[in-house]
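# Observations on the three-dimensional arrangement
Residue-level listing of the chains:
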Amino acid sequence: DAGITQSPRHKVTETGTPVTLRCHQTENHRYMYWYRQDPGHGLRLIHYSYGVKDTDKGEVSDGYSVSRSKTEDFLLTLESATSSQTSVYFCAIGAGGLYEQYFGPGTRLTVT
Amino acid sequence: AQSVTQLDSQVPVFEEAPVELRCNYSSSVSVYLFWYVQYPNQGLQLLLKYLSGSTLVKGINGFEAEFNKSQTSFHLRKPSVHISDTAEYFCAVSGRVTGANNLFFGTGTRLTVIP
């Protein structure tokens, strides 16, 4: 998995609670991404980062925030979890100018 | 804006038969194209990529894809599939977006190899 870990791998939480997912890389890549995967939708970009403290919104950013205080860590926060945020979340890192991305193992989040 | 259409959501095929997974894209700028594979309960793994040059691209596990600019297609092929090829396959297109390079994914094609 190209030196990418995600934690936790599985989480069950209640509606209305905050949740933070962590992505950690050992590759020193500049770009990092958060996607969610849902049946019939493929992967959709939530937020991305192009450097420490440099982040921007993706296609489905409502209800999510991110932070990147170190090159190796990219955090995704669900400020107040809702059932519609039940999904599998993938982190990816960008390999620079050739645009390809490498993905972590995923976090399965269930909001009850 | 970039987008990707994967024409088949599910493709069943018998073992050792050939397979083609179809992908069409739309983009107003030069594109880079990718195929990823996702095995059950795993992350996505890069199968192959087209950046420039030869339109026939070879990837891992015996897969290849052909970039056709006039038909805006990037179909994935394998001449003889194995049980272990059962997985979900995603086509993706990349484009120049201010601030960062992003990928736009299709909705996926589930390949099932039948013994």
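Here the structure is a predicted model, which is why all the values come from computation and not from measurement.

## A word on the layout of surface pockets
Considered as a void within the structure, the largest pocket measures approximately 510 Å³ in volume. Around the largest pocket sit 23 residues that line it, and Gln37(A), Val88(A), Arg108(A), Gln38(B) and Glu88(B) are the ones nearest its centre. Elements supplying a minimum of two residues to the lining of the largest pocket: strand E4 (31-38), strand E9 (87-94) and strand E11 (107-111) of chain A together with strand E10 (87-97) of chain B. Looking at which element gives the most residues to the lining of the largest pocket, the answer is E10(B), with three residues. For the lining of the largest pocket, a count of residues per class yields eight nonpolar, 10 polar and five charged.

## A look at the state of the cysteines
Residues and elements named next belong to chain A. Tallied over the entire structure, the rule returns two disulfides over all chains. With its sulfur 1.9 Å from that of its partner, Cys23 forms a disulfide with Cys91. For the disulfide bridge between Cys23 and Cys91, the dihedral angle about the S-S bond is near -70°, and by the sign convention the bridge is left-handed. Taken together, the residues Cys23 in strand E3 (residues 19-25) and Cys91 in strand E9 connect sequence positions 68 residues apart. Both residues of the pair, Cys23 and Cys91, count as buried.

Basis of the calculations
- Residues numbered from 1 in each chain as written.
- Chains lettered and ligands numbered in written order.
- Predicted model: local features only at pLDDT ≥ 70, side-chain atom pairs only at ≥ 80, totals over all residues.
- Heavy atoms only, no water.
- 1 Å grid on protein atoms, 1.4 Å probe; cavity = no way out; pocket = protein on both sides within 12 Å on 5 of 7 lines; lining within 4 Å.
- Points joined across faces, edges and corners; volume = space filled by probe spheres on them.
- Helix = DSSP H or I, 4+ residues; strand = E, 2+ residues; numbered from the N terminus.
- Nonpolar A, V, L, I, M, F, W, Y, C, P; charged D, E, K, R; others polar.
- Disulfide = S-S within 2.5 Å.
- Buried < 20%, exposed > 50% of the residue type's maximum accessible area, 1.4 Å probe, protein only.

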